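# Fold and contact review
Below are the chains, spelled out letter by letter.
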Amino acid sequence: MSATTAMSATTVMRAAVVRVPGGPEAVRLTRVPVPAPGPGQVRIRVAAAAVNPVDLLTRSGALVAAGRMAPRATTGLGWDVAGTVDATGPSVTALAVGDEVIGLRDLLDVSLGTYAEYVVLDATAVAPAPEGQPSAAAATLPLNGLTAWQSLAALDLPPGAPLLVTGAAGAVGGYAVELAALRGLRVVAVAGAADEGLVRGFGAEWFVPRDVPDLAAAVRSAVPGGAAGALDAAGVGLPALAAVRGGGAFVAVAADAPPGLRGIRSRNHWIAADGADLGRLSALAAAGRLTLRVAGTLPLARAAEAHTRLAAGGLRGRLVLVP
């Protein structure tokens, strides 16, 4: 199928971008040419794009300041997408025009992200959408689901091992609790007191309120000797590390990992697009074994408002933009 095979003859589209970093007002809706897929790529007509904390860091210029992306005249926003394959580039055989898909854009330094009417992704970053799930729900899966999946793989704990998950009511943390339980791990969940029922529903065996005075003592009271590993989705750092037994494992996803004291394997996990693993997550979601949570939907033109609402906190699930 050639790149010229498409479901639409549209040549110009709307996209939300940042030209001058700043607050939510820095998000601007603009019109740009519809991108064309190259070899090994597909173009997706966007049905939904989730709004994630990394988008706020991109918009504000924090990632440039941290040296994690280069400054650009125009910076695209959005990592997650759910939609329909609209065109395919050369050498793409596993996907075809009309396929319902989800995908992940894991390149920071790009002028267009998934906050757009169309997006081009490598075919290897795309998977079939979860059957029976609305596009808005499906769009919440790629970034956060893959982060949890890959972090658990990095921890490499055996079934039955106790795992500490901080931020267990959040997007990454919620998926981590569910996926850990599916792996046979015994989860100690840390979240706000009001979210105890939620995270126990995800499969947590123990619950520790996030405002407990001594996190390590609370975890070790529930799990003598401490957890075998920790997935730190809330950026807790050293207090979570102290809850891990010597020789255990620690993976941070929201902040820099603390030093690996007491022989603990401590590392950061940086997301990598992986269509094969995304397909496995999609199948779990289709089977009802992963909970897809949408906090609300907004039109693409209100992307700045979505940033304001996310920054205010208190959401359970992801806001989703619908072009």
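Let us look at the structure shown here. (Residues numbered from 1 in each chain as written. Predicted model: local features only at pLDDT ≥ 70, side-chain atom pairs only at ≥ 80, totals over all residues. Heavy atoms only, no water.)

### Re the overall build of the protein chain
Inclusion rule: The secondary structure listing takes helices from DSSP runs of H or I that are at least 4 residues long and strands from runs of E that are at least 2 residues long, numbered from the N terminus. Only the C-alpha atoms count toward the radius of gyration. The rule for a globule is 2.2 Å times the residue count to the power 0.38. Only protein chains enter the calculation, and the probe is 1.4 Å; a residue is then buried if its accessible area is under 20% of its type maximum, exposed if over 50%, and partly exposed in between. Should any heavy atoms of two residues lie within 4.5 Å, those residues are considered in contact. Computed by Shrake-Rupley with a 1.4 Å probe, the accessible areas treat only the displayed protein chains as cover when residues are assessed. A positive count includes Lys and Arg, and a negative count includes Asp and Glu. His and the chain ends are not counted in either. Just so you know, the charge point we use is NZ for Lys, CZ for Arg, CG for Asp and CD for Glu.
What the protein chain contains, in helices and strands, is 10 helices and 16 strands. Taken over C-alpha atoms, the radius of gyration comes to 20 Å for the protein chain, in line with the 20 Å a tight globule of 323 residues would show. Along the longest, intermediate and shortest principal axes, the C-alpha atoms of the protein chain span 65 × 40 × 35 Å. Taken over 323 residues, the protein chain has a buried fraction of 52%. Of the contacts made within the protein chain by residues no fewer than 6 positions apart, 65% connect residues no fewer than 24 positions apart. Entry remark: accessible area of the protein chain is about 12,900 Å², with carbon and sulfur atoms responsible for 55%. Counting 26 positive and 23 negative side-chain charges, the protein chain places the centres of these two groups 3 Å from one another.

### Side note on the pattern of salt bridges
Quick note on the threshold: Within this document, salt bridges are pairs made up of a side-chain nitrogen of Lys or Arg and a carboxyl oxygen of Asp or Glu, the two lying within 4 Å of each other.
In the structure shown here, the tally under the stated rule is 8 salt bridges. Note that R316 is salt-bridged to D195, the shortest N-O span being 2.7 Å. Residue R316 is found in the loop between α10 (303-312) and β16 (318-322), and its partner D195 is found in the loop between β10 (186-191) and α6 (196-202); the two are separated by 121 residues along the sequence. The exposure class assigned to R316 is partly exposed, which follows from its relative accessible area of 33%. R280 is the partner of D277 in a salt bridge, and the nearest nitrogen-oxygen pair spans 2.6 Å. In this pair, D277 and R280 are both assigned in helix α9 (residues 275-286), 3 residues apart and thus about one turn of the helix distant.

### Describing the packing of helix α1 (residues 53-60) against α10
How two helices sit against one another is set out by the angle between their axes and by the gap between those axes. Note the cut-off: Axis geometry follows a simple rule: fit a line to the C-alpha atoms, using only the stretch in contact for helices, then measure angles between N-to-C directions, giving values from 0 to 180 degrees. What sets the label is the angle itself: under 35 degrees gives roughly parallel, over 145 gives roughly antiparallel, 65 to 115 gives roughly perpendicular, and the rest give oblique. Left-handed describes a crossing in which the near helix is turned anticlockwise from the far one by less than a right angle; the clockwise case is right-handed. Under the scheme applied here, ten amino acids are nonpolar (Ala, Val, Leu, Ile, Met, Phe, Trp, Tyr, Cys and Pro), four are charged (Asp, Glu, Lys and Arg), and all others, including Gly, are polar.
Between α1 and α10, the shortest axis-to-axis distance is 10 Å and the interhelical angle comes to 115°. The angle between α1 and α10 falls in the class roughly perpendicular. The interaxial crossing formed by α1 with α10 has left-handed handedness. For the pair formed by α1 and α10, the contact residues are P53, D55, L56 and R59 on the first element and H307, L310 and A311 on the second. Class assignment for the residues of the contact of α1 with α10 results in 4 nonpolar, 1 polar and 2 charged.

### Here's the deal with the pairing of strand β3 (residues 41-50)
Let me state the cut-off plainly: Pairing between strands requires that DSSP locate at least two bridges from one strand to the other.
The element β3 is extensively covered by neighbouring structure, given that 7 of its 10 residues are classed as buried. The pairing of β3 with strand β7 (residues 118-122) spans 5 bridges and is antiparallel. Considered in β7, the bridge of R45 is made with Y118. In this sheet, strand β5 (residues 80-88) lies alongside β3 in antiparallel orientation, the contact comprising 6 bridges. Counterpart to I44 in the pairing with β5 is V85. Summarising the sheet, β3 and β16 pair through 2 bridges and their orientation is antiparallel. Across the sheet, residue A49 finds its bridge partner in β16, namely L321.

### Let's talk about the side chain of D55
Within the secondary structure, D55 sits in helix α1. Despite its burial, D55 remains without a salt bridge, the nearest opposite charge being carried by R105 at 5.3 Å. Residues in contact with D55, not counting those within four places in the same chain, are A50, L77, G78, W79, Y115 and H307.

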